[in-house]
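Survey of secondary and tertiary structure
Okay, here's what each chain looks like letter by letter:
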Amino acid sequence: MPMRSLTSLLAMPLAAFVSAQQPSAVLAEQVDRLCKPLVASELAVGFVVGVIDRDTKWVRGYGVIESGREAAPDGGTIYEIGSVSKVFTGLLLAEAVERGRVALADPVQKYLPADVVLQKFGDSPVLLWHLSTHTSGLPRLPDMTGADSHDPYRHFTPEHLFEVLPAAQVRWQPGSKYEYSNLAVGLLGSVLARRQGFTYEQLLLEHVTRPLQMKDTAIALDEKLSARLAPPYDGDCETGHTWNLAALAGAGGIRSCVADMLTFARAQWTVRDDALGRAITLTQHKHHDGANGIALGLGWHIARDGITYWHNGQTGGYHAYLGVQPSLERAVCILANTGRGEVDAVGERILQHLHGMAVEPLAIEVPVAVERKDLQRLVGRYSMSPAAVFDITLQTKGLFAQLTGQSPLRIHARSATEFFYRAVEASITFELEGDAGKALVLHQNGRDMRCLRMPSDGADK
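Report follows, based on the coordinates. (Residues numbered from 1 in each chain as written. Predicted model: local features only at pLDDT ≥ 70, side-chain atom pairs only at ≥ 80, totals over all residues. Heavy atoms only, no water.)

1. A few points about the packing of aromatic side chains
- Tallied over the full model, the rule gives seven aromatic pairs.
- Arranged with centres 6.5 Å apart and planes meeting at 85°, the rings of Y79 and Y318 form a pair that is edge-to-face. Pair noted here: Y79 is in strand β3 (residues 79-80) and Y318 is in the loop between β8 (309-314) and β9 (319-325), with a separation of 239 residues, a long-range link.
- Arranged with centres 6.2 Å apart and planes meeting at 70°, the rings of W300 and Y309 form a pair that is edge-to-face. An identical accessibility class is assigned to W300 and Y309; each is buried.
- Ring pairs connect the aromatic residues Y382, F419 and F430, which therefore count as one cluster.
- If you follow K177 out to its NZ or CZ, it ends over the ring of W172, 4.3 Å from the centre. (Phe/Tyr/Trp six-rings, centres within 6.5 Å; stacked < 30°, edge-to-face > 60°. Helix = DSSP H or I, 4+ residues; strand = E, 2+ residues; numbered from the N terminus. Buried < 20%, exposed > 50% of the residue type's maximum accessible area, 1.4 Å probe, protein only. Lys NZ or Arg CZ within 6 Å of the ring centre and 35° of its normal.)

Here you go:
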């Protein structure tokens, strides 16, 4: 669920946003051009793109729902939206303010159990709005002792969250500085629910998804929604893991589909004369304007153009991007069941295209096809030093390289003997002897490190 690098998006004057609305056929052609390379280059198993451009609404799926199946995803396919959930938590804060349940300037301590003390910075307490704008001074994560690497937040029951919270240090004056924090927004969702006598999911249903008729947006999926959940894949397109964020659900626990997310996007500029409508407006106010150009609403990041509100999110096998421009009645949403951040750049390019800007697809190196028998001959252990060994294994999607003490990373073929990483800036060339790998050469940081293959113990398969 990490926040990727902040978008530069559209650093151009409002006067430049004058392009005419495009017919669906033209829009489809241009979006195809930007999206198809993600699947062709094996960066994504599948994803769904949704676009609103004033009266035009357009949705298309790319790739497949699941590896090995031909079915393409569509607007009803369910995905984890990760940290895009923080936008909903910001809205729940604003809605509670509009109903008089809390105030933005209330200390968080006011809504904690009596025996749980949240640290201050000197005499300055953390306020509710600090949590939503990542200006609380709290660390990115709570104490993660006991975390499951495949589902790292599932042990954060409310009791455990409040147990570790007093140890979380507030490192600077709240409200003065931005630093992204899953702990802060997860805590916000938890205290909002506690204040109003609901679980976070009940609060979400009662005050956001039911009023907006977002019937396919939830945290715990029923049987019908579970059947539509795209299975998760990691950044190497290998099987990933779903996440349960438990008491930190407000930071990234929501699951949804593109159809519902476009409903949510349209609500950002649709006039409603009720607490929810006023709350939507409140989330779009600039609540933090940092000297480094990072501006925040409640939950939203505000791009440098001043009119684009956005968030992204990633969990153990999903990536999501949502960008909306309420003043122009435009939005782009991409939901993917592959944990890779290139989705964000594609979403930005689609928005830029809608403004009449000339945009090019991402420059992505496309792997070549190599027969499995030719990959098999490279499998083995290659010694870099007595304490460092490369394990080259052949998995469902292709070759993986794992250096001692590190995670296995997929390597992609340029030829039958040359391979490149996507996770790091490096490549590997294999030297053959007869019908087997003799050595590999790691090319990284301007250095070439040759590693000889170790004698086989007969376990290479």
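Having seen it, we continue.
2. Some words on the sheet that holds strand β10 (residues 330-336)
- Pairing is antiparallel in the open sheet, where eight strands are placed in the order β2-β1-β10-β9-β8-β7-β6-β5. Edge positions in the sheet fall to β2 (56-63) and β5 (288-289), since each has one partner strand and no second.
- Here eight bridges tie strand β1 (residues 46-53) to β2, and the two strands are oriented antiparallel to one another. The partner of G50 across the bridge, within β2, is V59. (Pairing = 2+ DSSP bridges.)

3. Quick look at the nonpolar core
- F88, V108, L112, L138, L187, F264 and L322 are the most contacted members of the largest nonpolar core, which totals 78 residues.
- Leaving out residues up to four positions away in the same chain, L138 has contacts with L118, L131, A168, Q169, V170, R171, S181, L183, A184 and L187.
- In this structure, L27, A345, V359 and L362 belong to the second largest nonpolar core, which totals 25 residues. (Core = buried A, V, L, I, M, F, W, Y, C linked by side-chain atoms within 4.5 Å. Contact = heavy atoms within 4.5 Å.)

4. Considering the packing of helix α2 (residues 85-98) against helix α9 (residues 275-283)
- Look at α2 against α9: their axes get within 8 Å of each other, and the N-to-C directions meet at 125°. As far as their axial angle goes, α9 and α2 are oblique. When the axes of α2 and α9 are compared, the crossing they make is right-handed. Facing G90, L91, A94, E95, V97 and E98 of α2, the residues of α9 in contact are A275, L276, R278, A279, I280, L282 and T283.
- Along the lines of polarity and charge, the residues of the contact of α2 with α9 split into eight nonpolar, two polar and three charged. (Axes fitted to C-alpha atoms, helices over the stretch in contact; angles between N-to-C directions. Parallel < 35°, antiparallel > 145°, perpendicular 65-115°, else oblique. Left-handed = near helix turned anticlockwise from the far one by under 90°. Nonpolar A, V, L, I, M, F, W, Y, C, P; charged D, E, K, R; others polar.)

5. Looking at helix α6 (residues 200-209)
- All of the buried residues in α6 are Y200, L203, L204, H207, V208 and T209. Across the axial projection of α6, the buried residues extend over an arc of 145°, all falling on one side.
- Against α2, α5 (182-196), α8 (258-267) and α9 lie the buried residues of α6. (Arc of directions from axis to C-beta.)

6. Comments concerning the pairing of strand β12 (residues 388-394)
- Buried residues dominate β12, accounting for five of its seven residues.
- Looking at chain direction, strand β11 (residues 380-385) and β12 are connected through five bridges and run antiparallel. Note that in β12 the partner of R381 across the bridge is D391.
- The turn linking β11 back onto β12 is made up of two residues.
- Pairing of β12 with strand β13 (residues 399-403), which is carried by five bridges, proceeds in the antiparallel orientation. Bridged to F390 within β13 is L403.
- Linking β12 back to β13 in an antiparallel pair, the connection comprises four residues, with G398 at a positive phi of about 145°.

7. Quick look at α2
- Along its 14 residues, α2 runs 20 Å from first to last C-alpha, staying within 8% of the 20 Å computed at 1.5 Å per residue.
- For α2, the buried fraction is high: twelve of the 14 residues fall into the buried class.
- Among all positions in α2, only S85, K86, V87, F88, T89, G90, L91, L92, L93, A94, E95 and A96 are buried.
- Contact partners of the buried residues in α2: α3 (128-132), α5, α6, α8, α9 and β8.
- Positive phi appears at G100, one or two residues downstream of α2, with a value of about 75°. (Expected span 1.5 Å × (residues − 1).)

8. Considerations on the packing of α2 against α6
- With their axes 11 Å apart at the nearest point, α2 and α6 run at an angle of 70° to one another. Here α6 runs roughly perpendicular to α2, going by the angle between their axes. Note on packing geometry: the crossing formed by α2 with α6 is left-handed. Across the interface between the two elements, S85, F88, T89, L91, L92 and E95 from α2 touch Y200, L203, L204, H207 and V208 from α6.

9. Some remarks on the pattern of salt bridges
- Here the structure, examined in full by the defined rule, presents 23 salt bridges.
- The residue D391 makes a salt bridge to R381 at a minimum N-O spacing of 3.0 Å. Of this pair, D391 sits in strand β12 while R381 sits in strand β11; the two residues are ten residues apart in sequence, bridging distant segments of the chain.
- According to the relative accessible area criterion, D391 is partly exposed, its value standing at 25%.
- Among the charged side chains, a salt-bridge network with shared partners connects E98, D273 and R278. (Salt bridge = Lys/Arg side-chain N within 4 Å of Asp/Glu carboxyl O.)

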